[in-house]
Amino acid sequence: APILPEAQKEYLHFTEILRGEVKRVNQIIEQFLFFARPSRLDLQPVQIRDVLKDLLLLARETADRQKVQLIDSLSAEIPPLNLDRQRIHEALLNLVNNALQAMPQGGRLEVGVRNHPSSKRVIIQIADTGEGIPEEDLGKIFDYYFTTKEKGMGLGLPLAHKIIQDHGGTIDVESVAGQGTIFRITLPVSKEAG
């Protein structure tokens, strides 16, 4: 590191930028590898409420900065699910980040979970009041490399879709341009828990 304080500050700032870029490139490579190889999930009993609470905590700073109201609609009685915690966190984080990106001027983001009436499944809902998805794009959002963002790669939603499918779940979307989007993820309750 340089000796002069001004040069040191610039050096440290540049180093932080480089670390961030290396991390970003590494994430892109990991995403490509995830699609290229068969998935091996580390399945364990997970309280999905805890994962969703962590996501709301992670979203807080961005939400506050963008004047987005975060709403916690997490039911109290949710059985454990047999999940790969890291992968399911990654999938749901993509959905939360997309919702926040759709509301740069503020809005409402509601994250909820409830039991399916059958008691054999759990429904996670991520709903925003953002710009919505045009009807002609709805059928393409889970396609690799489809994006409407200038800096997007089009891997976030396909990655989320694959992770949820690998867990035996489904993901559905409803959206109205200019009004918002709702993603509904349905995951099976583990047999040991049910």
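Everything quoted here is computed from the prediction, not taken from an experiment. (Residues numbered from 1 in each chain as written. Predicted model: local features only at pLDDT ≥ 70, side-chain atom pairs only at ≥ 80, totals over all residues. Heavy atoms only, no water.)

### Overview of the pattern of salt bridges
Right, on to step 1. If you walk through the whole model with that rule in mind, you get 8 salt bridges.
Right, on to step 2. Where E61 meets R65, a salt bridge forms, and the shortest distance between an N and an O atom there is 3.8 Å. Here E61 and its partner R65 are both found in helix α2 (residues 48-66), 4 residues apart, which amounts to about one turn of the helix. One exposure class covers both E61 and R65, and it is exposed.
Right, on to step 3. Where D166 meets K162, a salt bridge forms, and the shortest distance between an N and an O atom there is 3.2 Å. Here D166 and its partner K162 are both found in helix α5 (residues 156-166), 4 residues apart, which amounts to about one turn of the helix.
Right, on to step 4. For K162, a relative accessible area of 16% puts it in the buried group. (Salt bridge = Lys/Arg side-chain N within 4 Å of Asp/Glu carboxyl O. Helix = DSSP H or I, 4+ residues; strand = E, 2+ residues; numbered from the N terminus. Buried < 20%, exposed > 50% of the residue type's maximum accessible area, 1.4 Å probe, protein only.)

### Comments concerning the sheet that holds strand β7 (residues 180-188)
Right, on to step 1. The strand order across the open sheet built from 5 strands is β2-β4-β5-β7-β6, with neighbouring strands paired in mixed fashion. Lying at the two open borders of the sheet, with one neighbouring strand each, are β2 (68-74) and β6 (170-176). Across the sheet, the mean angle separating the axes of adjacent strands is 10° when strand polarity is ignored.
Right, on to step 2. Two elements, β2 and strand β4 (residues 107-115), share 7 bridges in a ladder whose sense is parallel. Bridge assignment links I71 to a residue of β4, and that residue is E110.
Right, on to step 3. Its contacts with the sheet place α2 against β2, β4 and β5 (121-128), and it is angled at close to 170° to β2.
Right, on to step 4. Strand contacts of helix α3 (residues 85-101): β2, β4, β5, β6 and β7, with the helix running at about 25° to β5, the strand carrying the most contacts. (Pairing = 2+ DSSP bridges. Axes fitted to C-alpha atoms, helices over the stretch in contact; angles between N-to-C directions. Contact = heavy atoms within 4.5 Å.)

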